[in-house]
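One letter stands for each residue in the lines below.
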Amino acid sequence: TQFCSCDANRETAEQTSHSVLLVFAKEDSQNNGFCWACEKANFRCNVARTPEAALECFKEKHHDLVIIDHRHSRYFDAESLCREVLLIHFYLNGFVDLFGVCCCRPDREEASVMPLIKSGFNRRYVENANMMACYNELLQLERGEVLAQFKLRACNAIFTALEQSQEAIEITNEDQVIQYVNPAYESIMGYQQGELIGKEITEVPKSEKNKPDLLETINSCIRKGKEWQGIYYAKKKNGDSVQQNVKITPVIGQGGSVVVEFVLMFPGSSQRRHSSMARIHSMTIEAPITKVINIINAAQESSPMPVAEALDRVLEILRTTELYSPQLGTKEEDPHTNDLVGGLMTDGLRRLSGNEYIFAAKQPHLPSHLAMPLSLNDIPPHVAQTMENEDSWDFDIFNLETACLKRPLTYLGLKIFSRFGVCEFLSCPEATLRSWLQGIEANYHSTNSYHNSSHAADVLHATAYFLCKERVKQSLEQIDEVAALIAATVHDVDHPGRTNSFLCNAGSELAILYNDTAVLESHHAALAFQITTRDDKCNIFRNMERNEYRTLRQAIIDMVLATEMTKHFEHVNKFVNSINKPLAALEENGSVKGILTSPDNRILVKRMLIKCADISNPCRPLELCIEWAGRISEEYFAQTDEEKRQSLPVVMPVFDRNTCSIPKSQISFIDYFITDMFDAWDAFADLPNLMQHLDNNFKYWKGLDERKLHSLRPPPE
């Protein structure tokens with residue numbers, strides 16, 4: 001929020017190259033005089049010979065100054081033309097700030113300028129073809145009326161922004177007399193404009209929480225031109241105090257006046273969280289239903305209580321129905337973004353030929369003789385050492401991958417499941433859990449560069465990390481935690497290293513089985529339960545009560561299906577509108593427990609949790625982020641190679657190993673999928689370290705892209 005005395009800055013206007021439209025029926029010395037003057041003044045100049053040409057040129061160029069020849073009425077009516085130009089300008093801009101000059105012959109008797117003023121002209125120029133006279137006229141116009149019009153435009157824009165701002169804004173002059181408060185200020189503080197405008201700040205009630213000499217201290221800093229920063233308590237009309245973080249920066253304006261800028265932040269947990277919530281309220285990818293909810297929320301603020309309550313019921317209905325899928329479009333015309341969207345969020349391009357690539361669903365592999373530990377106590381010391389910091393976000397999964405010969409899921413699973421008491425909850429022996437983890441890991445493809453058991457272990461680690469965040473713990477019960485850990489473990493089991501679009505285009509057996517809809521995610525969930533229930537030795541659900549098992553099974557399936565990218569924005573929008581925004585509204589003076597623990601919202605939290613865990617690579621420390629970027633790129637390269645070999649549609653053409661820019665692909669992925677989602681998740685779970693990694697990694701990829709590099713790393717010095 002900014003408070004400042006208005007002292008206009010003319011620097012911007014002075015540096016602007018103005019545009020001039022000359023409307024002269026024929027070329028003569030007067031026309032040439034103004035053309036020369038425009039060139040000398042460095043103004044952009046257009047000349048029109050007819051009213052039609054003038055109107056077309058004005059529509060295209062939006063000139064700052066229009067000079068119309070009034071000397072030859074037989075060619076066109078200058079006054080009518082001026083009115084038409086002003087009408088066009090009003091419809092284009094919503095206000096009239098155009099400056100018009102009428103060029104007239106000298107009269108023997110001085111005539112009234114009123115007819116010219118009524119038709120819209122601002123000034124009359126008596127015919128004088130002298131070039132310096134024309135130049136001087138332009139200079140006077142620029143320094144006077146035209147500059148004033150520029151300031152008027154700036155004021156219109158500024159006050160429109162102030163009126164629409166969600167922040168409380170108060171403007172005072174240098175004598176600390178209140179000049180303006182915006183609607184948000186009225187809403188937050190409880191005052192009306194008429195109660196404040198014209199009053200000195202000292203006349204408005206102040207909170208007793210402020211030190212007695214605080215205002216004098218602030219005024220002293222302003223007089224001395226010093227900056228002041230600290231806590232200030234404002235007092236609402238109802239008597240409540242509102243804490244504000246204030247930064248005051250005095251600046252010497254024109255004529256020695258002091259321009260004071262106050263930067264205030266009304267209550268919020270932190271500037272970072274405030275920034276995240278600001279992004280949530282203006283998400284780049286916005287579903288139509290999100291816009292509807294925002295409009296209703298805004299209407300509630302100024303509605304009578306019965307209307308506000310009715311709108312509350314409307315919001316409840318909207319938040320519990322399937323209305324959240326966005327009207328999908330790329331943020332910009334970027335081939336990397338287009339290809340990522342096409343490859344991850346569609347079910348492929350249907351082929352009409354009979355050349356089908358057979359991608360068969362195979363029987364699950366159940367290991368029988370893997371040399372694995374019987375329990376946590378039997379884990380080899382060098383493997384145990386790599387897992388000592390597994391509860392840290394900076395845990396290096398690749399060290400564990402190397403230490404256990406590319407089978408990290410069983411080892412990490414044993415430790416994390418033990419930490420969360422999963423065996424106790426399921427009433428199953430640790431040996432059964434070990435066999436289950438072995439069976440699941442054996443069905444991940446170690447030949448995949450990305451979708452292998454290391455990715456599953458990484459997602460499991462992120463899931464466990466998120467489950468330990470305070471607000472997540474407040475929202476979920478133990479059955480939810482167990483479901484999340486199991487879903488993370490199995491969420492990509494038997495992944496073929498190809499996207500859903502590829503399988504649909506290839507006419508694979510899996511695509512046929514699941515009707516081209518959520519093909520892989522449906523397969524992962526189904527196969528996980530097949531592996532689990534086929535053999536009692538690895539059936540971790542064997543001792544569960546039937547109803548509890550069905551509840552757990554449904555939660556696991558729901559979370560695995562949530563990782564499908566075609567519903568990415570639906571899940572994010574639902575989370576923001578049903579959880580983040582209501583929480584933000586209640587944080588200061590209401591109980592948030594009902595929002596956190598409602599059954600519908602628990603489902604949304606679990607979906608968001610596993611989605612963020614699944615694609616959290618850009619939020620990992622830089623070296624881990626780079627390694628994952630290389631692995632996913634290689635998997636996409638391999639898919640493109642195979643699509644070309646099989647004469648299938650190439651789903652993501654930019655992922656050609658010979659031409660692809662990995663930095664560009666990462667930038668597009670972060671921009672389109674990651675930023676908004678993690679802003680929302682951070683606002684809920686409070687993850688400053690992840691957001692810092694994300695910022696650092698984005699800058700790293702941007703740096704490579706600005707150097708026109710296509711590789712993962714810059715070349716050696």
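Cut-offs used in this document
- The residue count restarts for each chain, going from 1 along the sequence in the order it is written.
- This being a predicted model, a pLDDT of at least 70 is required before a residue's local features are given, and a value of 80 or more before pairs of side-chain atoms are given or counted; all residues contribute to the totals for chains, interfaces and linings.
- In computing side-chain values, all of the structure's heavy atoms are included and hydrogens and water are not.
- UniProt positions are given in the numbering used here, feature names are shortened, and annotations may be inferred rather than shown by experiment.
- Exposure categories follow from relative accessible area, calculated using a 1.4 Å probe and restricted to protein chains: below 20% of the type maximum is buried, above 50% is exposed, and the middle band is partly exposed.
- Elements are defined by DSSP. Helices are runs of H or I of four residues or more, strands are runs of E of two residues or more, and each kind is numbered from the N terminus.
- Pairing between two strands is assigned when DSSP locates at least 2 bridges connecting them.
- A fitted line through C-alpha atoms represents every axis, and for helices the fit uses only the stretch in contact; the resulting angles, taken between N-to-C directions, go from 0 to 180 degrees.
- Roughly parallel refers to an angle under 35 degrees, roughly antiparallel to one over 145, roughly perpendicular to one between 65 and 115, and oblique to any angle outside these ranges.
- For any helix crossing, the convention is left-handed if the near helix is rotated counterclockwise from the far helix by under a right angle, and right-handed if that rotation is clockwise.
- By definition, residues are in contact when any of their heavy atoms lie within 4.5 Å.
- Amino acid classes used here: Ala, Val, Leu, Ile, Met, Phe, Trp, Tyr, Cys and Pro are nonpolar; Asp, Glu, Lys and Arg are charged; the rest, including Gly, are polar.
- Classification of ring pairs rests on two measures: the distance between centres of Phe, Tyr or Trp rings, Trp counted by its six-membered ring, which must be within 6.5 Å, and the angle between planes, read as stacked under 30 degrees, edge-to-face over 60 and tilted in between.

Looking at an unreviewed UniProt entry, one finds the protein chain named Phosphodiesterase and attributed to Oncorhynchus mykiss. The Subunit (unreviewed entry) comment attached to the protein chain in UniProt states, word for word, "Interacts with RAF1. The interaction promotes RAF1 activity." According to the UniProt record, the Pathway (unreviewed entry) comment for the protein chain reads "Purine metabolism; 3',5'-cyclic AMP degradation; AMP from 3',5'-cyclic AMP: step 1/1."

Let us look at the pairing of strand E4 (residues 65–69). Here E4 lies mainly inside the structure; five of its five residues are buried. Of the two faces of E4, the one carrying Leu-65, Ile-67 and Asp-69 and the one carrying Val-66 and Ile-68 are both buried. With four bridges connecting them, strand E2 (residues 19–23) and E4 associate as parallel partners. Residue pairing across strands places Leu-22 opposite Ile-67, the latter belonging to E4.

This part covers the packing of helix H25 (residues 546–562) against helix H28 (residues 599–614). One way to put it is that H25 packs onto H28 with a least axis distance of 8 Å and a crossing angle of 50°. By the criterion of interaxial angle, the relationship of H25 to H28 is oblique. Crossing hand, H25 versus H28: right-handed. Mapping the contact onto sequence places Ala-555, Asp-558, Met-559 and Ala-562 in H25 and Ile-603, Lys-606, Arg-607, Ile-610 and Lys-611 in H28. Class assignment of the residues belonging to the contact of H25 with H28 gives a composition of five nonpolar, no polar and four charged.

What follows concerns the packing of helix H16 (residues 408–419) against helix H19 (residues 453–467). A pair of packed helices is captured by two measures, namely the crossing angle of their axes and the spacing between those axes. It is the contact of H16 with H19, at a shortest axis distance of 9 Å, that shows an interaxial angle of 15°. With respect to H19, the element H16 is oriented roughly parallel. Taken as a pair, H16 and H19 cross one another with a handedness that is left-handed. Of the residues in H19, those in contact with Pro-408, Leu-409, Leu-412, Gly-413, Ile-416, Phe-417 and Arg-419 of H16 are Ser-453, Ser-454, Ala-456, Ala-457, Leu-460, His-461 and Ala-464. The class makeup of the residues in the contact of H16 with H19 is nine nonpolar, four polar and one charged.

Turning next to the UniProt feature "binding site: Zn(2+) 2" (unreviewed entry) in the protein chain. Within this structure's numbering, the places UniProt gives as "binding site: Zn(2+) 2" (unreviewed entry) are Asp-492. When you line up the elements, Asp-492 lands in the loop between helix H21 (478–490) and helix H22 (500–506). The exposure class assigned to Asp-492 is buried, which follows from its relative accessible area of 7%. In contact with Asp-492, not counting residues within four places along its chain, are Tyr-444, His-451, His-455, His-524 and Asp-614.

Further remarks concern the environment of Ile-117. Mapped onto the elements, Ile-117 comes out in helix H5 (residues 114–119). C-alpha of Ile-117 to C-alpha of Glu-79: the two residues are 38 residues apart in sequence and 9.4 Å apart in space.

This part is about the packing of aromatic side chains. Applying the stated rule across the entire model yields 23 aromatic pairs. Between Tyr-450 and Trp-628, the ring centres sit 5.4 Å apart and the planes meet at 75°, which makes this aromatic pair edge-to-face. Of this pair, Tyr-450 sits in the loop between helix H18 (430–442) and H19 while Trp-628 sits in helix H29 (residues 622–645), placing them 178 residues apart in sequence. Classification of Tyr-450 as buried rests on a relative accessible area of 6%. For Trp-628, a relative accessible area of 1% gives the class buried.

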